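In case you want the letters, here they are:
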Amino acid sequence: MPGDSREIALLTNPTAGKGRGAKSRDVALPRLREAGFVVRNLEGRDADEALDLARQCVADGVESLVVCGGDGMVHIGAQAVATTPTHLGIIPAGTGNDVARYFDIPRKDPLAAADRVIASNTKRIDLARSGSKYFVTVLAAGFDAVVNERANRMTWPRGQMRYNLATLAELRTFKPLPYTLELDGRILRLDAMLVAVGNGASFGGGLRITEGASLEDGLLDVVIIKPISKPDLVRTYPKLFKGTHVTHPQYEHHLVKSVTVAAPGIVSYADGERFGALPLTIEAAPGALSVLA
């Protein structure tokens, strides 16, 4: 059992998953304390304050930073913990929870997720890095990013249906984008519906866009979906949940250590969060994160 000297931080997004964040924290927190951990119970008023709190905890030398929320909270935790001795733990409480899927962390049982933290089994994984920012899952840099931008401007409805409506709205006017890609120094110029850069295999609640991506190979998976008709795009979309889209003739997959992605007017998303306007250079960061898995 953990000793009383082992201090961890529990950082929560209380509004994640339509309020599941606060409920999951209230279940997990007593379990962690009963196991003997000294727990700092924290929440930020916004993402910036949450990141400040996370970085302060890491600077103070807590053994683990445990985030309670969705992939957005994992994203914040990764910024604070990357390349440090501090471990990242996850109590899933979001909508997508893709990082929890990577490690089979129970997504609907905060007690079971807390028990994973208590067990203290660690796994070192890669991250993707652009400048000083990291991401764990996938960077979306095309049609999927445009949909995210529209969905973020919408106030109704909530949850997955907002993204479905945003997808339908963007489909009416979306045209393939002109991309310039630099893949480990090799230049590609082409039109595409989207370019995705994967550290992990899925995003958006199990959409396996970069199917086959490994968290431990020191490489990035770059997927290109070249121009396809809108009806074909609609038909192909469900295949993303099984990773069977990889047989589509307009699908292209590259393994690289570094990629620069440029396309006009696109703001990229990573871990479901606004990441940065293109162009961006993304590099693999091998073994940069220690996860309680």
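For clarity, every value in this text was computed on a predicted model and none was experimentally measured.

A. Examining helix α2 (residues 47–60) more closely. Here α2 contains 14 residues, and its C-alpha end-to-end distance of 20 Å stays within 8% of the 20 Å for a straight helix at 1.5 Å per residue. Along α2, the residues that are buried comprise A50, L51, A54, C57 and V58. An end-on view of α2 places all buried positions within 125° of arc, on one side of the element. In α2, the exposed positions angled more than 90 degrees off the buried face are occupied by D48, D52 and A59. Capping the start of α2 is the job of one residue whose side-chain oxygen sits 3.2 Å from the backbone nitrogen of D48: D46. The first or second residue beyond α2 is G61, which carries a positive phi of 90°.

B. Highlighting the pairing of strand β8 (residues 177–183). Only one face of β8 is covered, namely the face carrying L177, Y179, L181 and L183; the face carrying P178, T180 and E182 is uncovered. Relative to strand β9 (residues 186–192), β8 is paired through 7 bridges, and the arrangement is antiparallel. Bridging from a neighbouring strand, Y179 pairs with L190 of β9. Joining the antiparallel neighbours β8 and β9 is a turn of 2 residues, in which D184 adopts a positive phi near 50°.

C. View of the packing of α2 against helix α3 (residues 71–81). Where α2 contacts α3, the axes come no closer than 9 Å and their chain directions differ by 40°. On the basis of their axis angle, the class for α2 and α3 is oblique. Viewed along their axes, α2 and α3 form a crossing whose handedness is right-handed. In this structure, α2 uses A47, A50, L51, A54, R55 and V58 to contact α3, whose residues at the interface are I76, Q79, A80 and V81. Its residues placed into classes, the contact of α2 with α3 shows 8 nonpolar, 1 polar and 1 charged.

Cut-off values and rules
Along each chain, residue indices are assigned from 1 in the same order as the chain's sequence is written. Totals for whole chains, interfaces and linings use all residues, but because this is a predicted model, local features are given only for residues with pLDDT of at least 70 and pairs of side-chain atoms are given and counted only at 80 or more. Remark: hydrogens and water are excluded; side-chain values derive from all non-hydrogen atoms of the structure. Numbering of helices and strands runs from the N terminus; a helix is a DSSP stretch of H or I covering at least four residues, while a strand is a stretch of E covering at least two. Each helix should span, by expectation, one fewer than its residue count multiplied by 1.5 Å. Note on classification: 1.4 Å probe, protein chains only; a residue is buried when its accessible area is under 20% of the maximum for its type, exposed when over 50%, partly exposed between these limits. The arc in question is the one traced by the directions running from the helix axis out to the C-beta atoms. Polar contacts here mean pairs of N or O atoms no more than 3.5 Å apart (in protein, one a potential hydrogen donor and the other a potential acceptor; neighbouring residues in sequence count only if both atoms are side-chain atoms). Two strands form a pair only when DSSP identifies at least two bridges running between them. To obtain each axis, a line is fitted to C-alpha atoms, and for helices this fit is confined to the stretch in contact; angles are then taken between N-to-C directions over 0 to 180 degrees. Any angle that is under 35 degrees is reported as roughly parallel, and any over 145 degrees as roughly antiparallel; angles of 65 to 115 degrees are reported as roughly perpendicular and all others as oblique. Crossing handedness is read from the near helix: turned anticlockwise from the far helix by less than a right angle, it gives a left-handed crossing, and turned clockwise, a right-handed one. Any two residues whose heavy atoms approach within 4.5 Å are treated as being in contact. In this classification, Asp, Glu, Lys and Arg are treated as charged, Ala, Val, Leu, Ile, Met, Phe, Trp, Tyr, Cys and Pro as nonpolar, and every other residue, Gly included, as polar.

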